[in-house]
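Below are the chains, spelled out letter by letter.
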Amino acid sequence: MVFSRNFRLSRKKQLFSAVLITCLITILFLTISIPVPGVVMNLYYWVKPDKGVSCHYIKTDRANSLKDISDTYPKEGRSIFFHETSCNSFRNGKITITARQACAVESAARMNPDYDVYLLYASPGTYKMEDTESDRFLMELLKYRNVRIYHIDMDRYFMNTPVESLWKQQQMKQSRFAQSHTSDVLRFLTLWKYGGIYLDLDVIVTKSLDDLGTDFTGFESKTSVAAGILSFNYTGDGHDFANSCLEDLKNNFKGHDWGWNGPGTVTRLIKRLCEENNIPKLVNKTCKGFKIYPPNRFYSIPWWNWKYFFQEEFLDFVKKQTADSYLIHVWNKFSTDTNISLHYENVPYLNFAKLYCPAVVAQCDRYF
């Protein structure tokens, strides 16, 4: 009996040690920029399911989910696309959206009435209108005649595309930044399929995007290209540009580098098109029909000053800085946990929201 009890205690200690060592190894891999084994990332997302994309692999009865985008025909070249790649909707048992995400969609629809605006969920789900704040946001968006909300059946979406192997080999699922890198790949894939404009869900659109033309991206600083807004035409050179990006992703995807698959992909594209590796020389250039806009068009407030959007004393400064901008981008990677009370009307982000997504703001309970 004593031997049996000691054996069980020894086994428990061994199991505890194994789990502790595995956790320490996982933390080590996640804090340094090196390739991470798939088994480590699978363990991490098992512990942190809210960070992963396992819901993208769940097959659902189409009758009990949003309509699939693959069953529709978006308006070629006249569509704006947003992607929601978290599993929040699956975990909540219904389609959900935050105030800021809904604001991005509403502002795009209001300022671009001649475009169809697509909000595409990688998570399965359906509508359950139970008068929650999120439900009210969705109801307001659906009042816009040009807003379309669909599901992406990922198996169908990636089938017979240049990046089908990324999906089948689960490279995005096992990435260190699964949701972000899935969004990176989807933006290029969607524009390859349909053409149009891709936007991040942490923007507010302040002008019609019509004047920008097609086939463009923008600098976020004098030295760095971003992919928070991106456009490719559905045919001709634009489609070739999108195809080039997908081929790049197929051959060079990196799951351990946050910026490699999004900003990095479009940066490598313009280097090829412009035959120039000195990135600062490409600001406001057009190379083979692809336009690279300067920072003041989309990223007037750089990421290192993201707090300016959340502090009342910077309202006049932000308005002045963004006077020539087509949108504001609030750098959700840094700002997502910063709440704004509805009482603070002079906070720049809320001030812009009241102008460009008033229906969403009206449905907020206490915070934006």
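Quick caveat, the model's predicted, so the values are computed rather than measured.

A look at the UniProt feature "domain: Alpha 1,4-glycosyltransferase" (unreviewed entry) in the chain
Then step 1. Here, UniProt's "domain: Alpha 1,4-glycosyltransferase" (unreviewed entry) annotation points to residues 236-363.
Then step 2. Across residues 236-363 one finds 45% helix and 7% strand; the C-alpha atoms that close the span lie 43 Å apart.

Topic: the packing of aromatic side chains
Then step 1. Enumeration over the complete set of coordinates arrives at 23 aromatic pairs.
Then step 2. Geometrically, the ring pair formed by Phe-314 and Phe-317 is edge-to-face, given 6.4 Å between the ring centres and 70 degrees between the ring planes.
Then step 3. The exposure class assigned to Phe-314 is partly exposed, which follows from its relative accessible area of 21%.
Then step 4. Here the aromatic residues Phe-216, Tyr-293, Phe-298, Tyr-299 and Trp-331 are joined through ring pairs into a cluster of three or more.
Then step 5. In this structure, Lys-254 is placed above the aromatic ring of Trp-260, and the distance from its NZ or CZ to the ring centre is 3.8 Å.
Then step 6. Sitting above the plane of the Tyr-293 ring, Lys-291 keeps its charged end 5.5 Å from the centroid.

Observations concerning the pairing of strand 1 (residues 79-84)
Then step 1. Counting buried positions along strand 1 gives six out of six residues, so the element sits mostly inside the fold.
Then step 2. Neither face of strand 1 is left uncovered, since the one carrying Ser-79, Phe-81 and His-83 and the one carrying Ile-80, Phe-82 and Glu-84 both have all their residues buried.
Then step 3. Relative to strand 2 (residues 116-121), strand 1 runs parallel, the two being bridged by six bridges. Across the sheet, residue Glu-84 finds its bridge partner in strand 2, namely Tyr-121.
Then step 4. With two bridges connecting them, strand 1 and strand 4 (residues 196-199) associate as parallel partners.

What to know about the pattern of salt bridges
Then step 1. Under the counting rule described, the total for this entry stands at 19 salt bridges.
Then step 2. Between Asp-116 and Lys-75 there is a salt bridge whose closest N-O contact spans 3.9 Å. Of this pair, Asp-116 sits in strand 2 while Lys-75 sits in the loop between helix 2 (38-47) and strand 1, and the two are 41 residues apart along the sequence.
Then step 3. Its relative accessible area of 9% is what places Asp-116 among the buried residues.
Then step 4. The residue Asp-135 makes a salt bridge to Lys-94 at a minimum N-O spacing of 2.9 Å. With Asp-135 in helix 5 (residues 133-142) and Lys-94 in the loop between helix 3 (88-92) and helix 4 (99-111), the pair connects residues that are 41 residues apart, well separated along the chain. Each member of the pair, Asp-135 as well as Lys-94, carries the same accessibility label: buried.

Focus on helix 8 (residues 178-194)
Then step 1. The terminal C-alpha atoms of helix 8, which comprises 17 residues, lie 24 Å apart, in line with the 24 Å expected from a rise of 1.5 Å per residue.
Then step 2. Taken across its 17 residues, helix 8 has 15 buried, putting it largely inside the fold.
Then step 3. Taken from the residues just after helix 8, Gly-195 is the one with a positive phi, measuring 70 degrees.

Focus on the environment of Ala-102
Then step 1. Looking at the secondary structure, you find Ala-102 in helix 4.
Then step 2. Placed 119 residues apart in sequence, Ala-102 and Ser-221 show a C-alpha to C-alpha distance of 27 Å.

With respect to the nonpolar core
Then step 1. Ranked by size, the top nonpolar core spans 57 residues in total, and within it Phe-82, Leu-199, Ile-229, Phe-298, Tyr-349 and Phe-368 carry the most contacts.
Then step 2. It is helix 4 that provides the largest number of residues to this core, a total of seven residues.
Then step 3. Sequence-distant contacts of Ile-229, defined by excluding residues within four places in its chain, comprise Ile-197, Tyr-198, Leu-199, Leu-212, Phe-216, Thr-217, Phe-298, Tyr-299 and Leu-327.
Then step 4. Counting 43 residues, the second largest nonpolar core, distinct from the first, contains Ile-152, Met-154, Phe-158 and Ala-227.

The rules behind these values
- Residues numbered from 1 in each chain as written.
- Predicted model: local features only at pLDDT ≥ 70, side-chain atom pairs only at ≥ 80, totals over all residues.
- Heavy atoms only, no water.
- UniProt positions renumbered as here; feature names shortened; annotations may be inferred.
- Helix = DSSP H or I, 4+ residues; strand = E, 2+ residues; numbered from the N terminus.
- Phe/Tyr/Trp six-rings, centres within 6.5 Å; stacked < 30°, edge-to-face > 60°.
- Buried < 20%, exposed > 50% of the residue type's maximum accessible area, 1.4 Å probe, protein only.
- Lys NZ or Arg CZ within 6 Å of the ring centre and 35° of its normal.
- Pairing = 2+ DSSP bridges.
- Salt bridge = Lys/Arg side-chain N within 4 Å of Asp/Glu carboxyl O.
- Expected span 1.5 Å × (residues − 1).
- Core = buried A, V, L, I, M, F, W, Y, C linked by side-chain atoms within 4.5 Å.
- Contact = heavy atoms within 4.5 Å.

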